[in-house]
Amino acid sequence: MKKILIVANWKMHLDTHEASLLLHRLSQRIKVHRDIEVVLAPSVLSLQPLSLEIDRRKFRLSAQDAYFKDEGPYTGEVSFSMLRELVHYCLIGHSGRRVYFGESLEMVRDKVQAAVRNGIVPILCIGETKEERNMGETKQVIHDKLTSALSNLTAEDIQDIVIAYEPIWAISTFEGEVAKPDDMAKAIKYIRYQIKELYGPVAARDVRVLYGGSVDDHDARAYLALDGCDGVLVGAASLNYHQFSAIVDSAYKLLSERTNSKS
Ligand code: PGA
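Computed from a predicted model, the values in this text were never measured in an experiment.

On to the pairing of strand β3 (residues 59-63). The buried count for β3 comes to four of five residues, which makes it a mostly enclosed element. Two elements, strand β2 (residues 36-41) and β3, share three bridges in a ladder whose sense is parallel. Considered in β3, the bridge of V38 is made with F59. Between β2 and its parallel partner β3, the chain crosses via helix α2 (residues 44-53), and the hand of that crossover is right-handed. Alignment of β3 against strand β4 (residues 89-92), held across two bridges, turns out to be parallel. Each bridged residue has a counterpart across the sheet, and for A63 the counterpart in β4 is C90.

Okay, here's the thing in structure tokens:
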């Protein structure tokens, strides 16, 4: 069985001291559960200290971004090879990167490849803008972002990666509209369909697909319960330890209900 993945994207918030404090609060509330994986994506500055502090049975670390070259004169950048010992995952192509930093399809593709080359699991973020949605282009955008980002990977590489469907209009930083879980289910299904077309049924079954966009403790369950949804990517609500641990709790509850209904 695939684990439920709950990812906290702290974006450009919290200095190292605040990040440690939040980790401490979360550690007090979050229990070890073998079927749930909780991933924290702090600023790059906090990765080193948090890597020494985390209970690895409870948490894994993710970077929020990295540069695709392994080394060179790229002042200000941090490479995937530098992060190799610190993180298990890295967000790639988050809308914050694409919108504010003009990250192109090619750059996202190169970053996905660099992550895989360095043994870091990419959490590839894709999603459409409000205009694209209104024009009925959601599927096209998913198709284009997915095919270009994955174009240098093999079917075997794909099985391990994570794809986060994050409609840009639903992310709190942008429009922050509440998405309807049923609509999201269609997009998630379409992502798997695309993976199947490109890489076959095994990759489509094994790839983990998350939903992200203004997820909070009230609606997390509705997304987690969607068919084919393997978890959630949480931004704003992950900065609040009450809300974030309640999201993890809703995953525990969902899993125990599923187990009870089977027995
Ligand atoms: P949000 O962010 O939960 O604040 O909408 C999601 C994300 O940035 O991944």
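The next point concerns the site of the ligand. Not every one of the 13 residues close to the ligand is listed here, only the nearest: H94, E166, S172, S214 and G235. One nitrogen or oxygen atom from the main chain of A236 is found 2.8 Å from an oxygen atom belonging to the ligand. Within the complex, 100% of the 280 Å² of free accessible area of the ligand lies under protein. Split into classes, the residues belonging to the shell around the ligand amount to five nonpolar, six polar and two charged.

Before going further, it helps to spend a moment on the pairing of β2. Counting buried positions along β2 yields six of six residues, so the element is predominantly enclosed. For strand β1 (residues 4-9) and β2, the ladder comprises six bridges, and the chain directions are parallel. Its bridge partner lying in β2, I4 is registered against I36. One crossover worth recording links β1 to the parallel β2 by way of helix α1 (residues 16-29), and it is right-handed.

Taken in spatial order, the eight strands close into a barrel running β1-β2-β3-β4-β5-β6-β7-β8, and their pairing is parallel. Taken over all neighbouring pairs, the strand axes of this sheet differ in orientation by 25 degrees on average, direction set aside. Packed onto the sheet, helix α5 (residues 105-117) meets β4 and β5 (121-126) and runs at close to 160 degrees relative to β5. With respect to the sheet, helix α7 (residues 138-150) is in contact with β5 and β6 (162-165), its orientation differing from that of β5 by roughly 155 degrees.

Another aspect to go through is a nonpolar patch on the surface. Taken together, the side chains of V99, Y100 and F101 define a hydrophobic patch exposed on the protein surface, amounting to about 340 Å² of accessible area. For V99, the position within the fold is in helix α4 (residues 95-101).

Moving on, we get to the environment of E175. Positionally, E175 belongs in the loop between β6 and α9 (181-199). Between the C-alpha atom of E175 and that of L22, which follows or precedes it by 153 residues, the distance is 27 Å. The contacts of E175, once residues within four sequence positions are left out, are K130, I168 and W169.

The final tally for this structure, using the stated rule, is six aromatic pairs. Plain terms: the ring middles of Y165 and Y211 are 6.5 Å apart, the flat faces sit at 55 degrees to each other, and that makes the pair tilted. Of this pair, Y165 sits in strand β6 while Y211 sits in strand β7 (residues 208-212); the two residues are 46 residues apart in sequence, bridging distant segments of the chain. Under the relative-accessibility criterion, Y165 is labelled buried at 1%.

Moving on to the packing of α1 against α2. Relative orientation of the contacting elements α1 and α2 amounts to 35 degrees, with a least axis distance of 9 Å. Crossing of α1 against α2: the hand is right-handed. Contacts between α1 and α2 involve T16, A19, S20 and L23 on the former and, on the latter, L45, S46, P49, L50 and E53. Residue composition of the contact of α1 with α2, by class: five nonpolar, three polar and one charged.

Here is what the cut-offs are and how they apply
- Residues numbered from 1 in each chain as written.
- Predicted model: local features only at pLDDT ≥ 70, side-chain atom pairs only at ≥ 80, totals over all residues.
- Heavy atoms only, no water.
- Buried < 20%, exposed > 50% of the residue type's maximum accessible area, 1.4 Å probe, protein only.
- Helix = DSSP H or I, 4+ residues; strand = E, 2+ residues; numbered from the N terminus.
- Pairing = 2+ DSSP bridges.
- Right-handed = clockwise from strand over helix to strand, strands pointing away.
- Near = heavy atom within 4 Å.
- Polar contact = N/O pair within 3.5 Å; in protein donor to acceptor, adjacent residues only side chain to side chain.
- Areas by Shrake-Rupley, 256 points an atom, 1.4 Å probe, with all protein chains shown as cover.
- Nonpolar A, V, L, I, M, F, W, Y, C, P; charged D, E, K, R; others polar.
- Axes fitted to C-alpha atoms, helices over the stretch in contact; angles between N-to-C directions.
- Contact = heavy atoms within 4.5 Å.
- Patch = residues over 30% accessible without salt bridge, like charges linked within 9 Å, V, L, I, M, F, W, Y side chains within 5 Å.
- Salt bridge = Lys/Arg side-chain N within 4 Å of Asp/Glu carboxyl O.
- Phe/Tyr/Trp six-rings, centres within 6.5 Å; stacked < 30°, edge-to-face > 60°.
- Left-handed = near helix turned anticlockwise from the far one by under 90°.

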